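Single-letter residue listing:
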Amino acid sequence: MLKGDQPLESFEHTFSEQDTPFFYQRFGKRIFDVLASSLLLVLLFPAIICLTIILFIFTGSPVFYKQTRAGLHNRSFIIWKFRTMHTEDIESSSHQYEWKDEVPQNFSFTTPPTLIITKPGKFYRKYSLDEIPQLWNVLKGEMSLIGPRPEIIEITNHYSPSQKKRLLVKPGITGYAQVNGRSAITHGEKVKHDLYYVKHCSLLLDLKIIIRTIFIVITGKGAC
């Protein structure tokens, strides 16, 4: 069994109730996610159809890419994205890390050189169009609109107790780290921003992140 499937009880020494906001995090945030994701899925449905057709014409099938990620309290779930890489490259790719105590602070996740991004994929990634299918993850309750970006299990398995605190909230389509550097920051900087979000999570902060995200997506700043 993947370490990411460990029950919440195994993280009791790391997670504490006092670390999480109560009312908004437990109730208001979910209500906001359901309403916003439902509305966005309806409004963006024509765009989703167009993006799907474009990918199918230029890169074939499958159009969607699924991957296991770490969610709330390190519980694994399947994330959905538009496929931006060649199918054969995805099938042969793997991530192996041998860190002992924690994920190094200076670690920066980069696409393995064996993976080739398709031409439409480069455009989708630059403007975060590949992330749109994650609205379905939000509606299902596996993700939130705002939160730390979900890591792959192979990375969260090496988290230190401090790094695991970023798993106190649901992962998001965008987050505080994404509006403070996106893919251009190190893992240590990302965790620092994510822990700030965990501690200060609020409706006002979420709205600020959404506004900044819109600007970043439009400019394509910091995309990998």
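Given the structure is predicted, the values throughout are model-derived calculations rather than measurements.

Caption draft 1: Main features of the overall build of the chain. Each helix and strand in the chain was counted, giving 9 helices and 4 strands. Counting across all 224 residues of the chain, residues that qualify as buried make up 46%. Pairs at least 24 residues apart make up 76% of the contacts formed inside the chain by residues separated by at least 6 positions. Carbon together with sulfur atoms contributes 63% to the accessible area of the chain, which is approximately 12100 Å² in total.

Caption draft 2: Structural detail: the pairing of strand β2 (residues 76–82). Both strand β1 (residues 64–70) and β2 contribute to a ladder of 7 bridges, which runs antiparallel. The residue bridging Arg69 from the neighbouring strand is Phe77, located in β2. Hairpin connection from β1 to β2: 5 residues lie between these consecutive antiparallel strands, with His73 at a positive phi of about 55 degrees.

Caption draft 3: Spotlight on the packing of helix α8 (residues 187–200) against helix α9 (residues 203–219). Running from N to C, α8 and α9 cross one another at 140 degrees; their axes reach a closest spacing of 9 Å. If you check the angle between α8 and α9, you find them oblique. Residue-level contacts link Tyr196, Tyr197 and His200 of α8 to Leu205, Asp206 and Ile209 of α9. Split by residue class, the contact of α8 with α9 holds 4 nonpolar, 1 polar and 1 charged.

Caption draft 4: Inspection of α9 at higher detail. Helix length check: α9 (17 residues) gives 25 Å between terminal C-alpha atoms against 24 Å at 1.5 Å per residue, within 8%. Every buried residue of α9 is listed here: Leu205, Asp206, Ile209, Thr213 and Ile216. The arc that holds the buried residues of α9, viewed along the axis, is 90 degrees, so those residues lie on one side. Exposed residues pointing more than 90 degrees away from the buried face of α9 are listed as Leu204, Ile211, Phe215 and Ile218. Buried positions along α9 lie against α1 (23–43), β3 (144–146), β4 (172–174) and α8.

Caption draft 5: Broad picture of the environment of Ile146. By the element assignment, Ile146 lies in strand β3. Given the relative accessible area of 1%, Ile146 is considered buried. In the structure, Ile146 is positioned 63 residues away from Ile209 in sequence and 7.6 Å away in space, judged by C-alpha atoms. The contact partners of Ile146, leaving out residues within four places of it in the chain, are Lys29, Lys170, Gly172, Thr174, Gly175, Tyr197, Asp206, Ile209 and Ile210.

Procedures and definitions
- Within every chain, residues take consecutive numbers counted from 1 along the sequence as written.
- It should be noted that, the model being predicted, local features are given only for residues of pLDDT at least 70 and side-chain atom pairs only at 80 or more, the latter also being counted only at that level, while totals for whole chains, interfaces and linings use all residues.
- The basis for every side-chain value is the complete set of non-hydrogen atoms in the structure, without hydrogens or water.
- In this text, helices come from DSSP runs of H or I with a minimum length of four residues, and strands from runs of E with a minimum of two, each type numbered from the N-terminal end.
- Buried residues are those whose accessible area, probed at 1.4 Å on protein chains only, stays under 20% of the maximum for their type, while exposed residues exceed 50% and partly exposed ones sit between those limits.
- Only heavy atoms enter the contact rule, under which two residues are in contact if any of them lie within 4.5 Å.
- Accessible surface is estimated by sampling points in the Shrake-Rupley manner with a 1.4 Å probe; for residues, cover comes only from the protein chains shown.
- Each pair of strands is called paired provided DSSP finds at least two bridges between the two strands.
- Every angle, taken between N-to-C directions, lies between 0 and 180 degrees, and every axis is a line fitted to C-alpha atoms, over only the stretch in contact when it is a helix.
- Working rule for angles: under 35 degrees goes down as roughly parallel, over 145 as roughly antiparallel, 65 to 115 as roughly perpendicular, anything else as oblique.
- Gly is placed with the polar residues, together with every amino acid not listed as nonpolar (Ala, Val, Leu, Ile, Met, Phe, Trp, Tyr, Cys and Pro) or charged (Asp, Glu, Lys and Arg).
- Take the number of residues in a helix, subtract one, and multiply by 1.5 Å to get its expected span.
- Directions pointing from the helix axis toward each C-beta atom define the arc.

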